[in-house]
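# Tertiary structure, described
Here is how the chains run, residue by residue.
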Amino acid sequence: MKKADDSSLSRDLNFWIDSYDDLFSDFDSRPYSGRAISDDFISELNKLTEEKDDFIKTIIFQVPAKVRDEKTEAIIKDRLTNGLLNQYIRFSKELNSSRRNGILMTVLGIVAMMLAVFITSLGENSLLKNSLKILFEPAGWFLIWTGLDKMYIGGKPLKRKRDFYARLEKSKIEFISD
């Protein structure tokens, strides 16, 4: 992953907002310090950042001068900064957990397949031997393929989300008037 402090790999994003409420969920009536960040805002951030892998140095909100309040802006800066960082941490943990589960499932699948081979190599056929082989062989294949899927294919959406928040989590947030 690229370094966030390299100025050639970072850029600014500019947003025009009519009020501070544009940044938060319409359904959340809590104060700004605890309010949920708007899905529309996150979606717009995602659209603007998905084309490039560079980091966002500054997120600039252009607000009408008559609406501005520095105390509210300080609260919103903290809320957005913490919210973006928390999402980055959340998706990092989910991605790591998915990879660990994938590795565990793959290893268990290999063990099940080895048990099926071992059972096959035992002496004469019996009901128990055939039943165990029938149980372990498909279970082994299932665990191997599902584990590999979790590690490589299933983790891609989580990786995209983690990378999205990684590009934003150290961004500076500024408010300006026109």
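The paragraphs below set out a description of the structure included in this document. (Residues numbered from 1 in each chain as written. Predicted model: local features only at pLDDT ≥ 70, side-chain atom pairs only at ≥ 80, totals over all residues. Heavy atoms only, no water.)

### So, the packing of helix 2 (residues 70-121) against helix 4 (residues 156-168)
Where helix 2 contacts helix 4, the axes come no closer than 8 Å and their chain directions differ by 150°. Taken together, the axes of helix 2 and helix 4 lie roughly antiparallel to each other. Seen along the crossing, helix 2 lies across helix 4 with a hand that is left-handed. On helix 4, the residues touching L84, Q87, Y88, F91, S92, E94, L95, S98 and R99 of helix 2 are L158, K159, K161, R162, Y165, A166 and L168. Looking at the contact of helix 2 with helix 4 residue by residue, the class counts come to 8 nonpolar, 3 polar and 5 charged. (Axes fitted to C-alpha atoms, helices over the stretch in contact; angles between N-to-C directions. Helix = DSSP H or I, 4+ residues; strand = E, 2+ residues; numbered from the N terminus. Parallel < 35°, antiparallel > 145°, perpendicular 65-115°, else oblique. Left-handed = near helix turned anticlockwise from the far one by under 90°. Contact = heavy atoms within 4.5 Å. Nonpolar A, V, L, I, M, F, W, Y, C, P; charged D, E, K, R; others polar.)

### Things to note about the packing of aromatic side chains
Scanning the entire structure with this criterion turns up 9 aromatic pairs. Among the aromatic side chains, those forming a connected cluster through ring pairs are F15, Y20, F24, Y32, F41, F61 and F175. For R90, the ring lying beneath its charged end belongs to F91, and the centroid distance is 4.5 Å. (Phe/Tyr/Trp six-rings, centres within 6.5 Å; stacked < 30°, edge-to-face > 60°. Lys NZ or Arg CZ within 6 Å of the ring centre and 35° of its normal.)

### Notes on the pattern of salt bridges
In the structure shown here, the tally under the stated rule is 9 salt bridges. In this structure, D163 and K159 form a salt bridge, with 2.8 Å as the shortest nitrogen-oxygen distance. Here the residue D163 and the residue K159 both occupy positions in helix 4, the gap between them amounting to 4 residues, near one helical turn. Between K172 and E174 there is a salt bridge; the shortest N-O distance is 3.2 Å. Beyond isolated ion pairs, a larger network of salt bridges with shared partners links K159, R162 and D163. (Salt bridge = Lys/Arg side-chain N within 4 Å of Asp/Glu carboxyl O.)

### Let's talk about a nonpolar patch on the surface
Where nonpolar side chains cluster on the molecular surface, the patch consists of I103, V107, V111 and L115 and spans about 300 Å² of accessible area. For V111, the location among the structural elements is in helix 2. We classify V111 as partly exposed; its relative accessible area is 40%. (Patch = residues over 30% accessible without salt bridge, like charges linked within 9 Å, V, L, I, M, F, W, Y side chains within 5 Å. Areas by Shrake-Rupley, 256 points an atom, 1.4 Å probe, with all protein chains shown as cover. Buried < 20%, exposed > 50% of the residue type's maximum accessible area, 1.4 Å probe, protein only.)

### Quick look at the side chain of E169
Mapped onto the fold, E169 is located in the loop between helix 4 and strand 3 (172-177). Of the buried charged residues, E169 lacks a salt bridge, with K170 as the closest side chain of opposite charge at 4.3 Å. Once residues within four sequence positions are removed from consideration, E169 is found in contact with L84, L85 and Y88. (Lys, Arg positive; Asp, Glu negative; His and termini not counted.)

### Brief notes about the side chain of R79
On the secondary structure map, R79 appears in helix 2. Buried and without a salt bridge, R79 has D28 as its closest oppositely charged side chain, separated by 6.6 Å. A polar contact of 2.7 Å, which involves the side chain of R79, links it to the backbone oxygen of R35. Apart from the residues lying within four places of it in its own chain, the contact partners of R79 are F24, Y32, S33, G34, R35, A36 and I37. (Polar contact = N/O pair within 3.5 Å; in protein donor to acceptor, adjacent residues only side chain to side chain.)

### Concerning the nonpolar core
Counting 25 residues, the largest nonpolar core has L23, F41, L45, F61 and F175 as the members making the most contacts within it. For this core, the secondary-structure elements that each account for two or more residues are strand 1 (10-16), helix 1 (39-49), strand 2 (55-63), helix 2, helix 4 and strand 3. Broken down by element, the residue count for this core peaks at 5 residues, all from helix 2. (Core = buried A, V, L, I, M, F, W, Y, C linked by side-chain atoms within 4.5 Å.)

### Focus on helix 4
The terminal C-alpha atoms of helix 4, which comprises 13 residues, lie 19 Å apart, in line with the 18 Å expected from a rise of 1.5 Å per residue. Those residues of helix 4 lying buried are L158, R162, D163, F164, Y165, A166, R167 and L168. In this fold, the buried residues of helix 4 make contact with helix 1, strand 2 and helix 2. (Expected span 1.5 Å × (residues − 1).)

### Some words on the packing of helix 2 against helix 3 (residues 127-153)
Two numbers describe how helix 2 lies on helix 3: the axes approach to 7 Å, and their chain directions differ by 155°. The orientation of helix 2 relative to helix 3 falls into the category roughly antiparallel. Crossing angle aside, the handedness with which helix 2 passes helix 3 is left-handed. Along the lines of polarity and charge, the residues of the contact of helix 2 with helix 3 split into 16 nonpolar, 9 polar and 5 charged.

Treat this as a map of the structure, not an account of what it does.
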